[in-house]
Amino acid sequence: MLLKSMAIPTSLSLFSTVPYLKEQGGGWCSQISECRDRSSSRLGSSHLMGSQTTFSGILDSNCTFNPDFCNWHKVFIYYCDGSSFMSNIEQIDPKINLTFRGARIFNVMMDEMLAKGMRNAQNAILTGTSAGGLATILHCDKFRKLFSDAIRVKCISDSGFFMHGEGHHGYENRENFFANVIKTHKLANSLSPACTSKRNSSLCFFPEYLVEDIQTPLFMLESAFDRFQLTSLVLGITNCTTYLTRCNSTELGIMRDFRSTFIKTLEQRVHNSSNRGMFVHSCYLHDHVLKSDEWTCLAIANRTMRQAVADWYFDRSSFREIDTKNDSPRNCTNKFCQ
């Protein structure tokens, strides 16, 4: 979450950011056993999380590298509930002694920031990466409602468009996984009614069934060869989870099929309007907004990621670009600025 022009005491002006997952891992727990394991690790306990984190990329206070957002107030919300801040179960089963209350974490954080001056912001962004990118989509309209209509409020989902891709490679695996997340966290009644009224609630964790009904301006930062999706949610990628040079021809074929389906799904579901932005590259990467080189120098159509997001956010110009030149994953490094 990025906020500008807030009446926050100086000592808190850089107590910063959003639902952001990269350094802590992230993901979801789809079974009670997985949630129990998370609860005793940094993925599920605030007692075990790091006491500090690095502010870079869109959070950087250096105006040379981040001129549009360097002087904003920022709030970093650690992700720990395993449901993209959606669970809200009142009862605690004494047999497992776990709480499933991610939605309450989100709500309490919003209440605290509003009390500290967020309600006075002139501009606001909700953003997050991976499971936090999905959380950004799920909570985008709720975040918008915290502010008056006069305030510019937009959302940026980074690597959060987790594809269902019905009928395409591995879709049943993805479908079953998210159905289990919904079942374990009892999310059926917490999901968007606009989605659940049209299809089975087990599908309403997939952004392709959510974005068309989101009213708040939304920008998608994605790789058409998203490494996490290809290695964790698509079956058949085993040799080259880290290095593309180790991929065999079958795996490269699966990746190309994923790219084709991913781009087609984005183009069909993310409607073409000034309220929607899109930056889709071909690097074999996952998550971007807190990586300084990617944020500052990764470019499509002669505009860097930073420039594309800032131009869209401040209504200077629209941006909806997909790298269509590369139909194979690019073995990019994090040295885009060299």
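Here goes a summary of the coordinates provided.

Procedures and definitions
Residues numbered from 1 in each chain as written. Predicted model: local features only at pLDDT ≥ 70, side-chain atom pairs only at ≥ 80, totals over all residues. Heavy atoms only, no water. Disulfide = S-S within 2.5 Å. Buried < 20%, exposed > 50% of the residue type's maximum accessible area, 1.4 Å probe, protein only. Phe/Tyr/Trp six-rings, centres within 6.5 Å; stacked < 30°, edge-to-face > 60°. Helix = DSSP H or I, 4+ residues; strand = E, 2+ residues; numbered from the N terminus. Pairing = 2+ DSSP bridges. Right-handed = clockwise from strand over helix to strand, strands pointing away. Expected span 1.5 Å × (residues − 1). Contact = heavy atoms within 4.5 Å. Arc of directions from axis to C-beta.

1. With respect to the state of the cysteines
- In total, this model carries six disulfides according to the counting rule given.
- With a sulfur-sulfur separation of 2.2 Å, C29 is cross-linked through a disulfide to C35. Judged by the sign of its S-S torsion, about 90°, the cystine formed by C29 and C35 is right-handed.
- Judged by its relative accessible area of 6%, C35 falls in the buried class.

2. So, the packing of aromatic side chains
- Inspection of every chain in the model, using the stated rule, returns 26 aromatic pairs.
- With a centroid separation of 6.4 Å and an interplanar angle of 55°, the aromatic rings of F162 and F178 are classed as tilted. Of this pair, F162 sits in the loop between β4 (152-158) and α4 (171-184) while F178 is found in helix α4, placing the two residues 16 residues apart along the sequence.
- Taking the relative accessible area as the measure of exposure, F162 reaches 0% and is therefore buried.

3. Describing unusual backbone geometry
- Non-glycine residue S130 carries a positive phi angle of around 60°.
- Among the structural elements, S130 can be located in the loop between β3 (123-129) and α3 (131-144).
- Among the residues examined, S130 registers a relative accessible area of 7% and is labelled buried.
- For K186, which is not glycine, the phi torsion reads 50° and is therefore positive.
- Here K186 shows up in the loop between α4 and α5 (193-196).
- Residue K186 is classed as exposed on the basis of its relative accessible area of 60%.

4. Section: the environment of W295
- Take W295: it is sitting in helix α8 (residues 292-297).
- Residue classification places W295 among the buried positions, given a relative accessible area of 1%.
- Linking W295 and F65, residues 230 residues apart in sequence, is a C-alpha distance of 8.9 Å.

5. Quick word on the environment of G50
- Looking at the secondary structure, you find G50 in the loop between α1 (32-39) and β2 (73-74).
- Here the alpha-carbon distance between G50 and Y78, two residues 28 residues apart in the chain, equals 9.7 Å.

6. Topic: the pairing of β4
- The buried fraction of β4 amounts to six of the seven residues, a majority that puts the element mostly inside the structure.
- Sheet analysis places β3 next to β4, joined by seven bridges and oriented parallel. Within the sheet, the bridge partner assigned to A124 lies in β4 and is V153.
- The parallel pair β3 and β4, bridged by α3, forms a crossover whose chirality is right-handed.

7. Observations concerning α4
- For α4, spanning 14 residues, the distance from its first C-alpha to its last is 20 Å, which sits close to the expected 20 Å at 1.5 Å a residue.
- Within the span of α4, buried status applies to R174, F178, V181, I182 and T184.
- Buried residues in α4 make contact with α1 and α6 (227-233).
- Just beyond α4, the residue with positive phi is K186, at close to 50°.

8. Observations concerning helix α2 (residues 102-115)
- For α2, spanning 14 residues, the distance from its first C-alpha to its last is 20 Å, which sits close to the expected 20 Å at 1.5 Å a residue.
- Taken as a whole, α2 has its buried residues at G102, A103, F106, M109, M110, M113 and L114. Angularly, the buried residues of α2 cover 135° about the axis, an arc narrow enough to put them on a single face. Residues of α2 that are exposed and angled more than 90 degrees away from the buried face: V108, D111 and A115.
- Once α2 finishes, G117 follows within two positions and takes phi at roughly 125°, a positive value.

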